[in-house]
Amino acid sequence: MAKKQQGEGALSFKKSLRRNWDLYLLILPILVFFFVFSYMPMYGIVIAFKDYIAAKGIWGSPWVGFAHFQRFFESIYFERTIKNTLGISLYSLIVGFPMPILLALMINEVHHLPFKRTVQTVTYAPYFISQVVMCGMIIIFIRPDAGFINMLLKAMGQEQIAFIIEPAWFKTIYVWSGVWQNTGWGTIIYIAALSGLDQQMYEAAQIDGANKIQKIWHITLPCLMPTAILLLIMNCGSLMSVGFEKVFLLQTPLNMEASDVISTYTYRAGMIDANYSYSAAIGLFNSVINFVILFIVNQISKRVSSISLF
């Protein structure tokens, strides 16, 4: 029976391929891209378990087992990088995740179309600023001598702060600048979800005497929950993957205590110190932890809300 179903499935796929060959042709470059840049390099993971020597190649280098993982666990940087990575990620998740939902709810309640489009354009715009330019803007804004924020503090009679060199301010600068840059873009998927909401539900609620807050709580938010839960699961799956570029560009020797995360430490170990096997082991450890977190959160969501990625 199973073989018969497999044969029917293969026959159906062949018919679909002949009938829609042009659509499959459009998918081909994407498949090639992921195969070349995502799947082919995976064989290089093996160097995490070897003492990689370039002259001998990957397979000619001697095996060392879990020695590089043990070295990382015993390193003086292990606790600092884990703490900073989780600290920045959780801070970003707690502050940044609800912001697109709140903004989408507010935009959805605006009925003046020109104003609505203006708000959307203004909030989307920062997303298209490159990380290099964004970090340059941040550094200019928080300069201790002539930065906009310090000039404002001085005008208010407050003491000026050297934000960029004080470790205590790094996470706040990173997270809130990310909120400014990404919140508007993050609303797109929520606004798309709200666009499919039946307006008759609002009319029925209004007839029943529901006010604006009650409509949002009982109609709009339940509509957004499936989308929000899926995005939350995916965000939890990248808790250990703080973006390298922005951290690296804002990092200084004086704020290293708060800014050194796994990605920057991996960069120093691999690209600067040429410890390729050691950096590969750190990266593999990071990916495994992310997968475990993703799997656990997905299972919890499946049990609690019946919504999951798989």
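Conventions used here
- Residues numbered from 1 in each chain as written.
- Predicted model: local features only at pLDDT ≥ 70, side-chain atom pairs only at ≥ 80, totals over all residues.
- Heavy atoms only, no water.
- Helix = DSSP H or I, 4+ residues; strand = E, 2+ residues; numbered from the N terminus.
- Rg over C-alpha atoms; globule rule 2.2 N^0.38 Å.
- Contact = heavy atoms within 4.5 Å.
- Areas by Shrake-Rupley, 256 points an atom, 1.4 Å probe, with all protein chains shown as cover.
- Lys, Arg positive; Asp, Glu negative; His and termini not counted.
- Charge placed at Lys NZ, Arg CZ, Asp CG, Glu CD.
- Core = buried A, V, L, I, M, F, W, Y, C linked by side-chain atoms within 4.5 Å.
- Buried < 20%, exposed > 50% of the residue type's maximum accessible area, 1.4 Å probe, protein only.
- Axes fitted to C-alpha atoms, helices over the stretch in contact; angles between N-to-C directions.
- Parallel < 35°, antiparallel > 145°, perpendicular 65-115°, else oblique.
- Left-handed = near helix turned anticlockwise from the far one by under 90°.
- Nonpolar A, V, L, I, M, F, W, Y, C, P; charged D, E, K, R; others polar.
- Arc of directions from axis to C-beta.
- Phe/Tyr/Trp six-rings, centres within 6.5 Å; stacked < 30°, edge-to-face > 60°.
- Lys NZ or Arg CZ within 6 Å of the ring centre and 35° of its normal.
- Expected span 1.5 Å × (residues − 1).
- Salt bridge = Lys/Arg side-chain N within 4 Å of Asp/Glu carboxyl O.
- Patch = residues over 30% accessible without salt bridge, like charges linked within 9 Å, V, L, I, M, F, W, Y side chains within 5 Å.

1. Quick look at the overall build of the protein
When its secondary structure is counted, the protein shows 16 helices and zero strands. Over its C-alpha trace the protein gives a radius of gyration of 25 Å, far above what one expects of a compact globule, namely 19 Å for 310 residues. The principal-axis extents of the C-alpha atoms in the protein amount to approximately 80 × 75 × 40 Å. In the protein, of all internal contacts separated by at least 6 residues, the share reaching a separation of at least 24 is 65%. Summed over all atoms, the accessible surface of the protein reaches about 19,400 Å², with 69% contributed by carbon and sulfur. Across the protein, 22 positive and 16 negative side-chain charges occur, with their mean positions spaced 11 Å apart.

2. Concerning the nonpolar core
Counting 27 residues, the largest nonpolar core has Ile101 and Tyr190 as its most contacted members. Within the residue set of this core, elements represented by two or more residues are α4 (67-73), α5 (78-96), α6 (98-108), α10 (167-195), α12 (212-236), α15 (262-272) and α16 (276-305). The element best represented in this core is α16, accounting for six residues.

3. Considering the side chain of Asn286
Looking at the element boundaries, Asn286 is found in helix α16. Among all residues touching Asn286, those that are not within four sequence positions of it are Met240, Ser241 and Ile262.

4. Let's talk about the packing of helix α8 (residues 131-141) against α10
α10 packs onto α8 with a crossing angle of 120 degrees between their chain directions and a minimal axis gap of 12 Å. Judged by the angle between their axes, α8 and α10 are oblique. Considering only the axes of α8 and α10, their crossing is right-handed. In contact with Gln131, Met134, Met137 and Ile138 of α8, α10 contributes Ile173, Ser177, Trp180 and Gln181. A breakdown of the residues in the contact of α8 with α10 according to their chemical character gives five nonpolar, three polar and no charged.

5. Thoughts on α8
Inspection of α8 places Met134, Cys135 and Ile138 among the buried residues, and these make up the whole buried set. Around the axis of α8, the buried residues are gathered within 95 degrees of arc, so they sit on the same side. Pointing more than 90 degrees away from the buried face of α8 are the exposed residues Val132 and Ile140. Buried-residue contacts for α8 involve α10 and α13 (244-250).

6. Describing the packing of aromatic side chains
The full count for this structure, using the stated rule, is 25 aromatic pairs. For the ring pair Tyr127 and Trp185, a centre distance of 4.5 Å and an interplane angle of 5 degrees mean the geometry is stacked. Of this pair, Tyr127 sits in the loop between α7 (113-124) and α8 while Trp185 sits in helix α10, and the two are 58 residues apart along the sequence. Of the residues examined, Tyr127 reaches a relative accessible area of 34% and is grouped as partly exposed. One aromatic cluster is present, formed by Phe72, Phe73, Tyr77, Phe78, Tyr265, Tyr278 and Phe285 through successive ring pairs. The lysine or arginine in question, Arg71, covers the ring of Tyr278, its NZ or CZ lying 3.9 Å from the ring centre. Stacked on the ring of Tyr174, the Lys or Arg Lys246 has its end atom at 4.8 Å from the ring centre.

7. Focus on unusual backbone geometry
A positive phi angle, close to 60 degrees, is found at Ala274, a residue other than glycine. The exposure class of Ala274 is partly exposed, given its relative accessible area of 39%. Despite not being glycine, Ser306 shows a phi value in the positive range, around 65 degrees. Relative to the elements of secondary structure, Ser306 occurs in the segment after α16.

8. Remarks on α7
Here α7 contains twelve residues, and its C-alpha end-to-end distance of 16 Å stays within 8% of the 16 Å for a straight helix at 1.5 Å per residue. Of the positions making up α7, those classed as buried are Gln120, Thr123 and Tyr124. On an axial view of α7, the arc spanned by its buried residues comes to 100 degrees, and they lie on one face. Across α7 from its buried face, at more than 90 degrees, point the exposed residues Pro114, Thr121 and Val122. For α7, the elements touching its buried residues are α6 and α10.

9. Thoughts on the pattern of salt bridges
Going through the model one piece at a time under the given rule, you end up with three salt bridges. Of the charged contacts, one joins Glu109 and Lys212 as a salt bridge, the two residues approaching to 3.4 Å between their closest N and O atoms. Of this pair, Glu109 sits in the loop between α6 and α7 while Lys212 sits in helix α12, and the two are 103 residues apart along the sequence. Residue Lys212 is classed as partly exposed on the basis of its relative accessible area of 44%. Between Asp260 and Arg268 there is a salt bridge, with its nearest N and O atoms 2.9 Å apart. Each member of the pair Asp260 and Arg268 is classed as buried. Shared partners join several salt bridges into a network, and the residues in it are Arg80, Asp260 and Arg268.

10. Let's talk about a positive patch on the surface
Together, Lys14, Lys15, Arg18 and Arg19 make up a region of like positive charge exposed at the surface. Position of Arg18 among the secondary structure elements: in helix α1 (residues 2-19).

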